[in-house]
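Given next are the chains, with one letter for each unit.
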Amino acid sequence: MPSIVEILIMHGALPIEHVDRINTRSQIDDEPTLQRYVQDGLVTEGQLARARASQRGMPFVELLEYPVERTAVALVPSTICRRYELLPIAVIEGKLRVAVADPNNVIALDDVRAATGMPVQPVIAESSDLRSAMDRFLRADDELSDLTSTLEEEAGPAEMSVSEASDDEAPIVRFVNLLVSQAIQDNASDIHIEPAEHELRVRYRIDGVLHEMQGAPKSIQNGVISRLKIMSEIDIAERRRPQDGRMSVSHGGRAIDLRVATLPTVWGEKVVMRILDNSNTSLSLRDLNMLDTNLETFSTSFSKPYGMILVTGPTGSGKSTTLYTTLGTISRPEINVITVEDPVEYRMAGVNQVQVNPKAGLTFAGALRSILRSDPDVVLIGEIRDHETAQIAVEAALTGHLVLSTLHTNDAPSAVVRLTEMGIEPFLVGSALDCVVAQRLARRLCDHCKQPVEYTHRELKRMRFPGTDADGNTPVLFGPVGCQRCSKTGYRGRIALHEVMSVTEQLERLTVEHASSADITRAAQAEGMLTLRDDGWAKATMGLTSLEEILRVVV
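As the structure is a prediction and not an experimental result, all values here were calculated from the model.

1. Let's talk about the pairing of strand β5 (residues 188-195)
Inference 1: Burial within β5 is extensive, with 8 of its 8 residues counted as buried.
Inference 2: Across 7 bridges, the pairing between β5 and strand β6 (residues 199-206) is antiparallel. Within β6, the residue paired with Ile 193 across the bridge is Val 202.
Inference 3: Counting the residues between successive antiparallel strands, the hairpin from β5 to β6 contains 3 residues.

Next up, the structure:
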C-alpha cells in the first residue's frame, strides 16, 4: 500500500526530495511530519485529506458541496461529534455515512455505532471544512430547547432565577451564554431579546436582516433579563426606564465586547445587545471596498492637518467601522489622537478615548472643551447631536485640528444643510467642512454560489440601471442562488456603498448662499461625485452584490 507522502508525490502535490529526508519507512506517514508539510505550505489540508482517502480506498467529500441531511446529524449527540471531530451527513441503504478527519480513530466510530445502533460508513473530509460544517449543523438549538424545558419546570419567582444565576452551571446562565455564543458564531451584529405576551422572543441581526431564533417560555423572562443586567452592571431593580451597559465575553479565544441597552415595553424589558468585534479595528482602508476615485478623494482629505470630515448614514450603516479604520490609518506616535464617544465601542492602542457620562456632567460639549485644552492633533467625536457640539467641532476644525465625526443624514450633500439647520453659520460650515462620506451596507453575494443573471431592457430601465458600460456593452450581472456556505441565503457578509463629497470652492460658495441640498447635489455630481446608487451599480457590475440588494438599501 503506498504511503500518504508517496500519493502526494504521485499527484504532484509534494516534491520528491522530501521523501529522501525521512530516515525510515515508519516515519514516512508520521503525523507530525504530515502536519509540518501543511504548516510550511508544501501541501494543503485538502490535498492531505484526499491522499488519506486514496490510501485507504475511502470516499472523499467536500462538505461545502455535500447535501448534508439534518435528520442524519440529529442521530448522533453533538457532544460525541465535537469530542471526536466527526459529522453524520447521510443515511444510505441503512448505513450512517459519517465524515471524519482522522479515519484511524476506531473508538470514535465504535461510539457512533453504539449511540445509533446503525452500521457506520466513514468518509474523509478536510479538517477545516469539517469544523466549519460542525459549526453550521451542530448549533446550540437542541441544547437551548432542552434548557428551556428545564427552565420552564424550575422557573418560579424572579428572585429565584436571579439567585440561580450566581452559579455558573445554573440553567439561566447556560441559556444566556448559549444565546450569546450562538450569535457570535453566526456573525450576528445584534441580539434582540423581546418579551411578548406568551413567550420570550429571540432574534439575531445577520448581514443587516433580522432572523427569528430559538425562543424561550415567558416564565423565564425575568431570570434571563436579570442575568443580562448583572453581566452588564445595570441596576436590576430599575425596570421603568431605559438603561445602558456593557459586558465582555470570551469566544474562541478572543475577547468580544457587547453594548447592552434595555427598553421598557408593555410586556417587560426588551434587551438589545450590539456585538462589538475588535477585529474591525485592524481593517485597512482597502477593506472598506471604496472605489479608487472615492478612496483617493477620501485619503486626500484625512491626510490634511486640519478640517472636518463627516461620515453620515443611518444607524447600523458602518459609520463607526469607517471612522476607526481611518483613525487607525492616521494614528502615529508623533500625533496626539483623542476621541469622545458615547459609548466607546472599540478600544484602540495609542488613542486616548473618553467615555461620555451625562450623569457625572461629562457631555459631548463638555468633554470637547476639555480635550481641546489637552493639545490634540486629531479629534474624533462619536456623533454631532446638538448645536453646542457642532459649534465646538467646527471651531476646532478651524483652529488647526483634524476633526472626525458622524451625522445622521440621508446623503452627503444633506450634511451641509443639516449643520446650518443646527445653527452653525454657513460661512463657518463652508470653511471648516472638508469632506463628507455617506454610506450604506448592502449584502455581499456569496462567491461560492452566485450566478450570472440576464435582465431585460425593460427591467433595467425600471430599476434605472445605466444598462451599458463605458464601451457600450451590457455588463455581466450576478444574482443570489444559495448554498451550504451562505446558509441558503445567496449572500455572505456585507459590502459598503459610499458617496464621497469633497467640499470645493464651488460647494463652499453654495453653502454660504444657503443653497438647497438638491442644488449642492447637482454641483457635486458635476464635479465628479458618485451617488450612493452610482457606487452601488459599479459594485453590482463588479459582481460584489445584486441589483435588487442595491435597490433595497438605496433610495
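2. Looking at the sheet that holds strand β15 (residues 378-381)
Inference 1: Spatial ordering of the open sheet is given by β14-β13-β15-β16-β12-β17-β20, a layout of 7 strands whose pairing is mixed. Strands with a single pairing partner mark the edges of an open sheet, and in this sheet they are β14 (352-355) and β20 (491-502). Averaged over neighbouring strand pairs, the angle between their axes works out to 20° when direction is ignored.
Inference 2: Two elements, strand β13 (residues 337-341) and β14, share 4 bridges in a ladder whose sense is parallel. Bridging from a neighbouring strand, Ile 338 pairs with Asn 352 of β14.
Inference 3: Here helix α13 (residues 292-302) sits on the sheet and contacts β12 (307-312), β16 (402-407), β17 (433-445) and β20; the angle it forms with β20, its principal contact strand, is near 60°.
Inference 4: Against the sheet, helix α15 (residues 364-371) makes contact with β13, β14 and β15, and its axis sits at roughly 165° relative to β13, the strand it touches most.

3. Comments concerning the pattern of salt bridges
Inference 1: Inspection of every chain in the model, using the stated rule, returns 22 salt bridges.
Inference 2: Where Glu 238 meets Arg 241, a salt bridge forms, and the shortest distance between an N and an O atom there is 3.8 Å.
Inference 3: The exposure class assigned to Glu 238 is buried, which follows from its relative accessible area of 12%.
Inference 4: Put simply, Asp 434 and Lys 304 hold a salt bridge, and the shortest N to O gap is 2.9 Å. Of this pair, Asp 434 sits in strand β17 while Lys 304 is found in the loop between α13 and β12, placing the two residues 130 residues apart along the sequence.
Inference 5: Exposure remark for Asp 434: the relative accessible area of 13% places this residue in the buried category.
Inference 6: In this structure, a network of salt bridges that share partners links the residues Glu 194, Arg 201, Arg 203, Glu 212 and Lys 270.

4. Side note on the confidence of the model for the protein
Inference 1: Of the residues in the protein, 85% have a pLDDT of 70 or more, and the chain-wide mean is 84.
Inference 2: The weakest mean pLDDT in the protein belongs to helix α10 (residues 158-164) at 36; the strongest belongs to β12 at 96.
Inference 3: Here residues 22-26 is a poorly scored stretch, pLDDT under 50, and it has 7 contacts once near neighbours within four places are set aside; other chains count.
Inference 4: Scored below 50 in pLDDT, residues 156-168 shows 19 contacts in the model against residues more than four places distant or in partner chains.

5. Quick notes on the environment of Gly 528
Inference 1: By the secondary structure assignment, Gly 528 is in the loop between α21 (517-526) and α22 (532-541).
Inference 2: Distance from Gly 528 to Val 500, taken between C-alpha atoms, is 9.8 Å for residues 28 residues apart in sequence.

6. So, the nonpolar core
Inference 1: Core analysis: the biggest nonpolar cluster contains 58 residues, and Met 308, Leu 310, Leu 419, Leu 433, Met 501 and Leu 547 have the highest contact counts within it.
Inference 2: By residue number, the principal contributor to this core is helix α16 (residues 387-398), which donates 6 residues.
Inference 3: When neighbours within four sequence positions are excluded, Leu 433 is seen to be in contact with Met 308, Leu 310, Val 416, Leu 419 and Val 503.
Inference 4: Among the nonpolar cores identified, the runner-up in size contains 31 residues, and Val 73, Leu 96, Val 98 and Phe 137 belong to it.

7. Observations concerning α22
Inference 1: With 7 of 10 residues buried, α22 is to be regarded as a mostly interior element.
Inference 2: Looking only at α22, the buried set comprises Leu 532, Arg 533, Asp 535, Gly 536, Trp 537, Lys 539 and Ala 540.
Inference 3: Where the residues of α22 are buried, they touch α13, β17, β19 (477-479), β20 and α23 (547-553).

8. Overview of the UniProt feature "domain: Bacterial type II secretion system protein E" (unreviewed entry) in the protein
Inference 1: According to UniProt, the positions carrying the feature "domain: Bacterial type II secretion system protein E" (unreviewed entry) are residues 372-386.
Inference 2: Taken as a whole, residues 372-386 contains 0% helix and 27% strand, while its terminal C-alpha atoms sit 18 Å from one another.

9. Quick word on the packing of aromatic side chains
Inference 1: Considering all chains together, one arrives at 2 aromatic pairs under this definition.
Inference 2: Aromatic pair Phe 298 and Phe 302: ring centres 5.2 Å apart, planes at 75°, arrangement edge-to-face. Pair noted here: Phe 298 and Phe 302 are both in helix α13, with a separation of 4 residues, about one helical turn.
Inference 3: Phe 298 gets classed as buried once you look at its relative accessible area, which sits at 1%.
Inference 4: Ring geometry for Phe 465 and Trp 537: centres 5.3 Å apart, planes at 90°, overall edge-to-face. Of this pair, Phe 465 sits in the loop between α19 (457-462) and β19 while Trp 537 is found in helix α22, placing the two residues 72 residues apart along the sequence.
Inference 5: Exposure remark for Phe 465: the relative accessible area of 8% places this residue in the buried category.
Inference 6: The ring of Tyr 491 has Arg 443 sitting right over it, with the charged end atom 4.3 Å from the ring centre.

Rules behind the numbers
Residues numbered from 1 in each chain as written. Predicted model: local features only at pLDDT ≥ 70, side-chain atom pairs only at ≥ 80, totals over all residues. Heavy atoms only, no water. Buried < 20%, exposed > 50% of the residue type's maximum accessible area, 1.4 Å probe, protein only. Helix = DSSP H or I, 4+ residues; strand = E, 2+ residues; numbered from the N terminus. Pairing = 2+ DSSP bridges. Axes fitted to C-alpha atoms, helices over the stretch in contact; angles between N-to-C directions. Contact = heavy atoms within 4.5 Å. Salt bridge = Lys/Arg side-chain N within 4 Å of Asp/Glu carboxyl O. pLDDT = per-residue confidence, 0-100. Core = buried A, V, L, I, M, F, W, Y, C linked by side-chain atoms within 4.5 Å. UniProt positions renumbered as here; feature names shortened; annotations may be inferred. Phe/Tyr/Trp six-rings, centres within 6.5 Å; stacked < 30°, edge-to-face > 60°. Lys NZ or Arg CZ within 6 Å of the ring centre and 35° of its normal.

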